[in-house]
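# A look at the structure
The residues making up each chain are set out below.
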Amino acid sequence: MQPVQASYPLTRFRRLRRTPALRALTQETTLTVGDLIWPVFLCDGVQERQPVGSMPGVDRLSLDLAVEAAAKASDLGIPVICLFPYTDPKVKTAGCEEAWNPENLTNRAIRAIKAQVPDIAVMTDVALDPYNLHGHDGLVVDGIILNDETVEALVRMALAQAEAGADILGPSDMMDGRIGAMRSALESAGHKETAILSYAAKYASAFYGPFRDAVGATGALKGDKKTYQMNPGNRDEALRLVARDLAEGADMVMVKPGMPYLDICARVKEAFGAPTFAYQVSGEYAMILAAARNGWLDGERAMLESLLAFKRAGCDGILTYFAPEVARLLRLG
Ligand code: PBG
């Protein structure tokens, strides 16, 4: 597009910035409650609420409280809730069998939320890190994260979640070939309507620190995730991964983390035009909150601006721990 523009003083850009009405009229992108996916941490127990130290304002919730939270989110108009389990270390095994137990925390939560809050869509995390003692997203033998064996395990996990009623599966593991394997297993098992939101371009990032605290993987993780998550220096690889995952049957794709990777969001949306999401991850949340709590920036404004930036970059929506607060603010206008 070649803008046709008279020069100053015929053109004065400040004319359209003069009043709130003119600014609203000419705003190019907007944030709405329909853009939000709310990640929620689950824990065992009843009426149990465990604050996550590195994420002020975020609690792990027992199933009953998660259902209440889902109901509130639904009332606020939040379309999707995304579940992450804090798994009892006692059920963690090298083979990660708890991941496809129909009665595991996530699968019980899916069923409870679908039964009691039918309007909200339930998204899950498909990865093995909550289910083993080393904190990796895959099966590990002699320090190597096995790809194909992990994909088989992920397929079992995905089928159990679909069976429990999940609307959207979110494979966050970054193994090769998992989207195609999951998609064909879902088709064969009759779960033709289950959507896949692939964590397609997921970087090996320092910004996941507080999340690992929230799911109890902080002390556990041996080494790093650089053999499967992306190198933060790479750009073209993100496009190749998105192309691959769409070709294998992903319905939607994600870039993660969010704010440091807005260039990737923009390129992915421009290149493919597919439903594109960003994950404003735990470290991004923690940074904004920490600065706000110190009085160093206006937390509400920073939160809203950070989310609007994702929309401007071309994202269709954002996974954000701020979702309920943002929904309330947007509702107030
Ligand atoms: C792991 C997973 C991670 C996040 C979502 N799923 C952490 C990781 O890859 O180590 C991070 C989310 C966040 O930081 O908010 N399957």
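Structure: see above.
Residues numbered from 1 in each chain as written. Predicted model: local features only at pLDDT ≥ 70, side-chain atom pairs only at ≥ 80, totals over all residues. Heavy atoms only, no water.

### Some details on the overall build of the protein
The cut-off we apply is this: Each helix is a run of DSSP H or I of at least 4 residues and each strand a run of E of at least 2, with the numbering of both proceeding from the N terminus. For every residue, the accessible area (1.4 Å probe, protein chains only) is compared with the maximum for its type, and the residue is labelled buried under 20%, exposed over 50%, or partly exposed between those bounds. Contacts are residue-level and defined by heavy atoms, with any inter-residue pair within 4.5 Å sufficient. Note on areas: these come from Shrake-Rupley sampling with a 1.4 Å probe, and a residue is covered only by the protein chains present in the view.
The helix and strand tally for the protein stands at eleven helices and twelve strands. Principal-axis analysis of the C-alpha atoms places the extent of the protein at approximately 70 × 45 × 40 Å. Here the protein holds 333 residues, and the buried ones make up 53% of them. Within the protein, counting contacts between residues at least 6 apart in sequence, those at least 24 apart form 75% of the total. As displayed, the protein has an accessible area near 15400 Å², and 54% of this comes from carbon and sulfur atoms.

### Describing the side chain of His-136
Residue placement: His-136 occurs in the loop between β5 (121-126) and β6 (139-141). The residues touching His-136, leaving out its near neighbours within four places in the chain, are Leu-128, Asp-129, Ile-145, Leu-221, Lys-222, Asp-224, Lys-225 and Tyr-228.

### Examining helix α11 (residues 323-332)
Of all the residues in α11, the buried ones are Ala-323, Pro-324, Val-326, Ala-327 and Leu-329. Taken together, the buried residues of α11 touch β1 (36-43), α2 (63-76), α10 (299-312) and β12 (317-320). Among the residues trailing α11, Gly-333 stands out with phi positive, at a value near 90°.

### Considering the site of the ligand
Basically, it comes down to this: One heavy atom within 4 Å of a molecule or strand is enough for the residue carrying it to be called near that molecule or strand. By the criterion applied in these results, polar contacts are pairs of N or O atoms within 3.5 Å in which, for protein atoms, one can donate a hydrogen and the other can accept it, and in which residues neighboring in sequence qualify only through two side-chain atoms.
The environment of the ligand is formed by 18 residues, the closest being Arg-212, Lys-225, Lys-256, Ser-282 and Tyr-321. Within the contact set of the ligand, a nitrogen atom lies 3.2 Å away from a side-chain nitrogen or oxygen of Asp-137. In the environment of the ligand, a nitrogen atom lies 3.4 Å from a nitrogen or oxygen atom belonging to the side chain of Lys-256.

### Section: the nonpolar core
As a reminder, the rule being used: Residues belong to one nonpolar core when they are buried, are Ala, Val, Leu, Ile, Met, Phe, Trp, Tyr or Cys, and are joined through side-chain atoms within 4.5 Å.
In terms of nonpolar packing, the biggest core is built from 111 residues, with Phe-41, Met-123 and Tyr-279 touching the most fellow members. With nine residues, helix α4 (residues 148-164) is the largest single contributor of residues to this core. With residues near it in sequence (within four places) discarded, Tyr-279 still touches Pro-39, Phe-84, Tyr-199, Phe-211, Met-254, Val-255, Lys-256, Pro-257, Gly-258, Glu-284, Leu-319 and Tyr-321.

### A word on the pattern of salt bridges
Heads up, the rule is: Any Lys or Arg side-chain nitrogen found within 4 Å of a carboxyl oxygen on Asp or Glu counts as a salt bridge.
Within the structure shown, the criterion is met by 18 salt bridges. The shortest N-O distance in the salt bridge between Asp-35 and Lys-311 comes to 2.8 Å. Of this pair, Asp-35 sits in the loop between α1 (20-25) and β1 while Lys-311 sits in helix α10; the two residues are 276 residues apart in sequence, bridging distant segments of the chain. Since its relative accessible area comes to 8%, Asp-35 is described here as buried. Taking relative accessible area as the criterion, Lys-311 reaches 15% and is therefore assigned buried.

### Points about the packing of aromatic side chains
Heads up, the condition is: When two rings of Phe, Tyr or Trp (its six-membered ring) have centres within 6.5 Å they constitute a pair, described as stacked for plane angles under 30 degrees, edge-to-face for angles over 60, and tilted for the intermediate range. Consider the ring centre and the ring normal. A charge sits over the ring if Lys NZ or Arg CZ is within 6 Å of that centre and within 35 degrees of that normal.
Enumeration over the complete set of coordinates arrives at ten aromatic pairs. Between Tyr-285 and Tyr-321, the ring centres sit 5.8 Å apart and the planes meet at 65°, which makes this aromatic pair edge-to-face. Taken together, the residues Tyr-285 in helix α9 (residues 282-293) and Tyr-321 in the loop between β12 and α11 connect sequence positions 36 residues apart. Connected via pairs of aromatic rings, a cluster forms that spans Phe-41, Phe-84, Tyr-199, Phe-211, Tyr-279, Tyr-285, Tyr-321 and Phe-322. Against the face of Trp-100 rests Arg-156, its NZ or CZ located 5.0 Å from the ring centre. Over the aromatic face of Phe-211 sits the side chain of Lys-256, whose NZ or CZ is 6.0 Å from the ring centroid.

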